[in-house]
Amino acid sequence: MVLGVTGGIAAYKSIQLARDLTRLGAEVQVVLTRSAQKFVAPLTFEGVTGRPTLTDLFSAEGAALHIRLGREADVICVAPATADFLARAAQGRADDLLCTTLLATRAPVVLCPAMNDKMFSHRQVQANLEHVHTELGYSVEGPVAGALAVGEGEGPGRMIEPSQIVQAIGRALGRSPDFTGRRVLLTAGPTQEPIDPVRYVGNRSSGRMGYALAEAAWRRGAEVTLVSGPSSLDAPYGVSIVRVGTAVEMDRAVRDVIAKMDVSIFAAAVADFRPTDPKGSKVKRAASPEGLAVHLEENPDIAKGSRDVRKPGSIAVGFALETDDLIENARGKLERKGLDLVVANDATEDGAGFGTDTNVVTIVRPDGSTEPLPLQSKAEVAEEILDRVGALLADRSGG
Ligand code: C5P
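Residues numbered from 1 in each chain as written. Predicted model: local features only at pLDDT ≥ 70, side-chain atom pairs only at ≥ 80, totals over all residues. Heavy atoms only, no water.

A. Local environment of the packing of helix 3 (residues 65-72) against helix 5 (residues 97-104). Two elements in contact, helix 3 and helix 5, have axes whose closest approach is 8 Å; the angle formed by their N-to-C orientations is 55°. On the basis of their axis angle, the class for helix 3 and helix 5 is oblique. Helix-helix and strand crossings are classified by hand; for helix 3 and helix 5 the assignment is right-handed. Within the contact between the two elements, helix 3 uses Leu-65, His-66, Ile-67, Leu-69, Gly-70 and Arg-71 and helix 5 uses Leu-97, Thr-100, Thr-101 and Ala-104. Broken down by class, the residue content of the contact of helix 3 with helix 5 amounts to five nonpolar, four polar and one charged. (Axes fitted to C-alpha atoms, helices over the stretch in contact; angles between N-to-C directions. Helix = DSSP H or I, 4+ residues; strand = E, 2+ residues; numbered from the N terminus. Parallel < 35°, antiparallel > 145°, perpendicular 65-115°, else oblique. Left-handed = near helix turned anticlockwise from the far one by under 90°. Contact = heavy atoms within 4.5 Å. Nonpolar A, V, L, I, M, F, W, Y, C, P; charged D, E, K, R; others polar.)

Written out as structure tokens, the structure reads:
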């Protein structure tokens, strides 16, 4: 890939970006503009990518350098993209190596603007952005509001973080026709059912499987909504997140959006029961010398309850975490909850279930067939699940 760096203070973050991309296995060819070199040195990028940094349109590398870069790149990312660079890109100027390479490529282009918030909101900058996005098809990621080099901006101006840029590059490379423009809903994480204002009934779900699915669906080009119970994980970039606490809240959040969804994946570990009568103030030990009895009542089954309100022809996927009779139980869930696939895992197996980075799952289908998958990271399991969902989507749309 080509990583273009233009002259803004956010260029220091692009060193981390170049390093992260290189460690992920990308061949990162850095191109610095003249003003970028006032902020960061070519040698710094050489150190993290292991490749010479390019700066000149006319150099010892040969006259047609921009043609070779444009042809060989699978993706081009410009981070940070300054106001001046956006103006030149919008005009199709060819006055330096980076802009000329943009004209010479047909690879996807990802731009990550960064500038003062007043500059960003200027009509000319907005017009340039609109042009590169709608006319040239470049994706524009960020900027976001937050601390700027000079004080705190009132509006967006700050470049998105390197880890988010990595995700955006992943989407530029990973779009699939099965998912592009599709709406995908995920439920993830545990739910917490209050006993009193400080205590709850919950479970050990971390949310990792659902978050990995949300990230992977977004990379494939979907519009993703993640309804998440309490989780310590960061919201995946690009995904619209709805945070909830209890099963009843999760149920409501799902019902608000489900009719529009092309795919619903129920990865949350919803508490099956909630305290019937949560106390308004903290329960005191002294007030319960004989111990504390908490009566639990049943929560709504979100997956099952959504059956009749799902978009006709949409795909629904559930999970089954069991300790006994895994496959039998999974088949029952397919039927009862009206699902197209159930991802079954055995909570007692090493490397499976809650709290781990890995999972061992078996895919169960409505025709009764089962497909066991090997031990893999949750990110890899997410890709496997989406491969199968994508095939179902393609089938249903007659593709
Ligand atoms: O019935 P069981 O809880 O084992 O089913 C698991 C599947 O159903 C998962 O996909 C889970 O997200 C979903 N579920 C739900 N609402 C519940 C219980 C489970 O959506 N109250």
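B. Fine view of the sheet that holds strand 11 (residues 263-266). Reading across from one edge, 10-9-6-11-14-15-17-18 is the order of the eight strands in this open sheet, with mixed pairing throughout. Of all the strands in the sheet, the pair left with one neighbour each is strand 10 (240-243) and strand 18 (370-372). Each strand of the sheet is rotated relative to its neighbour by a mean of 15°, with strand direction disregarded. When strand 15 (residues 341-346) meets strand 17 (residues 362-364), the two strands line up antiparallel, connected through three bridges. Residue pairing for strand 17: Ala-344 is matched across the bridge by Thr-362. The strands that helix 10 (residues 247-257) touches are strand 6 (183-188), strand 9 (223-228), strand 10 and strand 11; relative to strand 6, the one it contacts most, it runs at about 175°. Packed onto the sheet, helix 12 (residues 326-337) meets strand 14 (315-322), strand 15, strand 17 and strand 18 and runs at close to 150° relative to strand 15. (Pairing = 2+ DSSP bridges.)

C. Summary view of the state of the cysteines. Tallied over the full model, the rule gives zero disulfides. The thiol of Cys-99 is not disulfide-bonded; the next cysteine sulfur, from Cys-77, is found 14 Å away. (Disulfide = S-S within 2.5 Å.)

D. Region of the structure containing the site of the ligand. Every residue lining the ligand is accounted for by Phe-266, Ala-268, Val-270, Asp-272, Pro-300, Asp-301, Ile-302, Ala-303, Gly-318, Phe-319, Lys-333 and Lys-337. Separating an oxygen atom of the ligand from a backbone N or O atom of Ala-268 is a distance of 2.7 Å. Pro-300 places a polar main-chain atom, nitrogen or oxygen, 2.8 Å from a nitrogen atom of the ligand. Protein contact buries 86% of the 450 Å² of open area that the ligand shows by itself. Spatially, the ligand is embedded in the largest pocket. Listed by contribution, the elements that provide at least two residues to the shell around the ligand are helix 11 (302-305), strand 14 and helix 12. Residue composition of the shell around the ligand, grouped by class: seven nonpolar, one polar and four charged. (Near = heavy atom within 4 Å. Polar contact = N/O pair within 3.5 Å; in protein donor to acceptor, adjacent residues only side chain to side chain. Areas by Shrake-Rupley, 256 points an atom, 1.4 Å probe, with all protein chains shown as cover. 1 Å grid on protein atoms, 1.4 Å probe; cavity = no way out; pocket = protein on both sides within 12 Å on 5 of 7 lines; lining within 4 Å. Sits in = over half its atoms within 2 Å of the grid points.)

E. Inspection of the side chain of Thr-191 at higher detail. Its place among the elements puts Thr-191 in the loop between strand 6 and strand 7 (193-196). Judged by its relative accessible area of 0%, Thr-191 falls in the buried class. At 2.8 Å, the side chain of Thr-191 and the side chain of Glu-193 are in polar contact. In this structure the side chain of Thr-191 is engaged in a polar contact, spanning 3.0 Å, whose partner is the backbone nitrogen of Ala-271. If near-sequence neighbours (up to four positions away) are discounted, Thr-191 is found in contact with Val-201, Gly-202, Asn-203, Pro-230, Gly-245, Thr-246, Ala-247, Met-250, Ala-269, Val-270 and Ala-271. (Buried < 20%, exposed > 50% of the residue type's maximum accessible area, 1.4 Å probe, protein only.)

F. View of a nonpolar patch on the surface. Where nonpolar side chains cluster on the molecular surface, the patch consists of Phe-273, Leu-292, Val-294 and Leu-296 and spans about 340 Å² of accessible area. Among the structural elements, Leu-296 can be located in strand 13 (residues 296-298). (Patch = residues over 30% accessible without salt bridge, like charges linked within 9 Å, V, L, I, M, F, W, Y side chains within 5 Å. Salt bridge = Lys/Arg side-chain N within 4 Å of Asp/Glu carboxyl O.)

G. Expanded view of the nonpolar core. If you look at the biggest cluster of nonpolar residues, it comprises 61 residues, and the most contacted ones within it are Leu-3, Val-5, Cys-77, Ile-165, Leu-213, Val-224 and Val-389. The leading source of residues in this core is helix 9 (residues 208-219), at eight residues. Split by domain, the residues of this core number at least three in each of domain 1 (2-174) and domain 2 (183-396). Ranked by size, the runner-up nonpolar core spans 27 residues in total, among them Ile-76, Ala-89, Phe-120 and Tyr-138. (Core = buried A, V, L, I, M, F, W, Y, C linked by side-chain atoms within 4.5 Å. Domains from an automatic or database assignment.)

H. Just the environment of Val-31, in detail. Its location among the elements puts Val-31 in strand 2 (residues 29-32). A C-alpha to C-alpha distance of 53 Å links Val-31 and Leu-326, two positions 295 residues apart in sequence. Residue contacts for Val-31: discarding those within four places in its chain leaves Val-2, Leu-3, Gly-4, Val-5, Leu-54, Leu-69, Leu-97 and Leu-98.

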